[in-house]
Structures are given as structure tokens and as C-alpha cells.
Amino acid sequence: MKLKYNSIMGTFPGEKLKGAERYNCLYHYTSFDSFIKIWLSKSLKFSPVSNVNDIQEKVIEASIADPEQFELAKSFIAIRKSYKQVSFTMDFDSYLKGCMSPMMWGLYADKTKGVCIELDYNKILFPHNCLRGIVKYKAILNKYQGISPDVKTEHDLDKFIQKHQDELFFTKNKCWSGENEYRVLSKDNDYLNIENAISAVYLASDNSPELEWVRKLVDGIIPIKLFTHDFALDNSAIPIIKEI
């Protein structure tokens, strides 16, 4: 991309981020009604993995070579479905933050009438037994997961699933790559504690009743910011963030 733009935010489009710097901040898009519940509870509700939007990753079945593993193959599906998840968007590069995705605003923030919540990764209280990581995107997903012959019990199977968590929980079809997703999963927890992790809230309009409600809710505790665009360079819509 040859287009360059300098502002107080830096140079657009910026440099690609690597490693942990991609998820130092995480972003959760949601409706305004859901934001009220999240803000008051200071928690995010885990959702069953069977509710994922990628139909290719929704159901992964077990493949066995040993007929004695037949019951384990059925248990594989049940154990995998027992996991629940919370999804976030990561920063895209040094300029484009995770709160700047028009696709995510349209898909998950009630067509820009909702909000985007920014969280400090290091302040999220992750459950000690959770799985978490960056989602990878592939053109073709495996429908079956081969079960090793040494898996003999459900305890073995649970360990096997955790060992192969990348294929089972952190891989989606590449058509979803724009989500730039970071995912947290748990079997035992219903909510993710974000009490001290919320660092800002973003809206896509500074002229809406939702803004006034957000002001009353956060009461100056965190910044309220606006995702908008600047048309200063050749009529190009450059995304920018302004504090309200």
C-alpha cells in the first residue's frame, strides 16, 4: 500500500505487529444492551463452542483406527463441546487498532449502534485452567481429528484434546481472517473476570442516545472514544480515533 498519512496517531497504515504486541490490547465488540451487562458485572460471558459462526469449525469429529476406541470417539465430541469461549479482536498494525475494523463494527456491534470495549491483556483475570491464543486461518479445515492409539481413557482424551488445541479450537477458515481473533476458552468457568482490565470504550457516533448512556455508565472512570474517518488525503477515508 503506497498511501501514507501522518497524524497525531502516527503514520497510516503503519507496520505489522508481531508476537505479544499484537494482543497487548484486546477489543470486544458488542451491542449496547450487552455492554450495560458487561460494564455492571465487569465480566464477559463464555459462549459454547457450538455457537461459533464458522460452520466448518463448528463440528469436528474423531477418527479412530482401533475399534475399542469407539466410545472415546463419542466422548471426544462431548468433551470438545463442553468448552466455552470468549472472542476478541487484536491490533492489526502500529496504526490500525483493533477498534478500527468496519467489518467488526457491522457484524458484532449492532451495525455501528453498539460499542467496542478495549481491554488491557495483562489485567484480565484469566482462569488458571483456561486455553488462550491467537486464531490461525486456513483455506481448508480438517473435519476429523485422528485419535492416537495410546488414548485409552477419558482422562487421556482430555489431555489429548488440550495437546491438539490449535487444530480443535484455534483454527478457522481464512474467510474470517479479518476478525484478527484472539480466543479464550474454559470448561469450568461461565464468566471471564475483566474488572480491572477495561481501559476504554469506543462508539461509532458522537450524536446518539447511546453516547449519553455510556457517559452516565462509565462516569469518567475510563475514556470514551470515537471511531471515525478523516478525508484529508485525496478524499480517502482514513480511520482515526478521537477522544470524546
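These numbers come from a predicted model, not from an experiment.

1. So, the overall build of the chain
Helices and strands together make up the secondary structure of the chain, namely seven helices and 17 strands. When the 244 residues of the chain are sorted by exposure, 43% land in the buried category. Restricting the contact set of the chain to residue pairs at least 6 apart, pairs at least 24 apart contribute 76%. In the structure as shown, the chain presents an accessible area of about 13,000 Å², 52% of it carried by carbon and sulfur atoms. Of note, the chain has its 32 positive side-chain charges centred 2 Å away from the centre of its 32 negative side-chain charges.

2. Focus on the side chain of serine 186
Position of serine 186 among the secondary structure elements: in strand E13 (residues 181–186). A polar atom in the side chain of serine 186 sits 3.2 Å from the backbone nitrogen of aspartate 188. Excluding its chain neighbours within four sequence positions, the residues that come into contact with serine 186 are Phe46, Ser82, Tyr83 and Lys84.

3. With respect to empty space enclosed by the protein
Under the defined criterion, the tally for this structure stands at one cavity of 30 Å³ or more. Approximately 30 Å³ is the volume attributed to the largest cavity. Forming the walls of the largest cavity are Lys58, Val59, Ile60, Ile77, Arg80 and Lys81. Of the residues forming the lining of the largest cavity, the biggest block, three residues, is contributed by helix H3 (residues 70–81). Here the lining of the largest cavity is built from residues that sort into three nonpolar, no polar and three charged.

4. What to know about the side chain of threonine 89
You can see threonine 89 is positioned in strand E7 (residues 84–90). Accessibility expressed as a relative area gives 1% for threonine 89, which makes it buried. Within the local environment of threonine 89, its side chain forms a polar contact with the backbone oxygen of glutamate 179, the two atoms lying 3.3 Å apart. When residues no more than four places from it in sequence are discounted, the contact partners of threonine 89 are Cys25, Leu26, Tyr27, Tyr29, Gly98, Met104, Glu179 and Asn180.

5. Here's the deal with the packing of helix H1 (residues 32–41) against helix H7 (residues 209–218)
Interhelical geometry of H1 versus H7 gives an angle of 5° and a closest axis separation of 11 Å. As judged from the angle between their axes, H1 and H7 are roughly parallel. Across from Phe32, Phe35, Ile36, Trp39 and Leu40 in H1, the residues of H7 making contact are Glu210, Trp213, Val214, Leu217 and Val218.

6. Describing the state of the cysteines
Going through the model one piece at a time under the given rule, you end up with zero disulfides. Looking at the unpaired cysteine 130, the closest cysteine sulfur is the one in cysteine 25, lying at 19 Å. Look at cysteine 130 and you get buried, because its relative accessible area is 11%.

7. Concerning the layout of surface pockets
Rolled over the atoms, a probe with the dimensions of a water molecule shows which regions are left empty. The volume enclosed by the largest pocket comes to roughly 680 Å³. Lining the largest pocket are 30 residues, with His28, Lys45, Ser47, Val86 and Ser87 sitting closest to its centre. Broken down by secondary-structure element, the contributors of at least two residues to the lining of the largest pocket are strand E3 (25–30), H1, strand E4 (43–45), strand E5 (47–48), E7, helix H4 (102–108) and E13. No other element matches the five residues that E7 contributes to the lining of the largest pocket. In terms of residue class, the lining of the largest pocket is built from twelve nonpolar, eleven polar and seven charged.

8. So, the packing of aromatic side chains
Applying the stated rule across the entire model yields ten aromatic pairs. Aromatic pair phenylalanine 12 and tyrosine 95: ring centres 5.3 Å apart, planes at 80°, arrangement edge-to-face. A residue pair is termed long-range when its members are at least 10 positions apart, and phenylalanine 12 in strand E2 (residues 10–12) and tyrosine 95 in the loop between E7 and H4 qualify at 83 residues. Pair check on accessibility: phenylalanine 12 and tyrosine 95 agree, each one buried. Grouping aromatic residues by their ring pairs yields a cluster made of Tyr23, Tyr121, Phe126 and Tyr182. Above the face of the tryptophan 39 ring, lysine 42 is positioned so that its terminal group lies 3.9 Å from the ring centre. A cation over a ring is seen here: lysine 216 above tryptophan 213, with NZ or CZ 5.1 Å from the ring centre.

So, how was this worked out
Residues numbered from 1 in each chain as written. Predicted model: local features only at pLDDT ≥ 70, side-chain atom pairs only at ≥ 80, totals over all residues. Heavy atoms only, no water. Helix = DSSP H or I, 4+ residues; strand = E, 2+ residues; numbered from the N terminus. Buried < 20%, exposed > 50% of the residue type's maximum accessible area, 1.4 Å probe, protein only. Contact = heavy atoms within 4.5 Å. Areas by Shrake-Rupley, 256 points an atom, 1.4 Å probe, with all protein chains shown as cover. Lys, Arg positive; Asp, Glu negative; His and termini not counted. Charge placed at Lys NZ, Arg CZ, Asp CG, Glu CD. Polar contact = N/O pair within 3.5 Å; in protein donor to acceptor, adjacent residues only side chain to side chain. 1 Å grid on protein atoms, 1.4 Å probe; cavity = no way out; pocket = protein on both sides within 12 Å on 5 of 7 lines; lining within 4 Å. Points joined across faces, edges and corners; volume = space filled by probe spheres on them. Nonpolar A, V, L, I, M, F, W, Y, C, P; charged D, E, K, R; others polar. Axes fitted to C-alpha atoms, helices over the stretch in contact; angles between N-to-C directions. Parallel < 35°, antiparallel > 145°, perpendicular 65-115°, else oblique. Disulfide = S-S within 2.5 Å. Phe/Tyr/Trp six-rings, centres within 6.5 Å; stacked < 30°, edge-to-face > 60°. Lys NZ or Arg CZ within 6 Å of the ring centre and 35° of its normal.

By themselves, these figures tell us nothing about what the structure is for.
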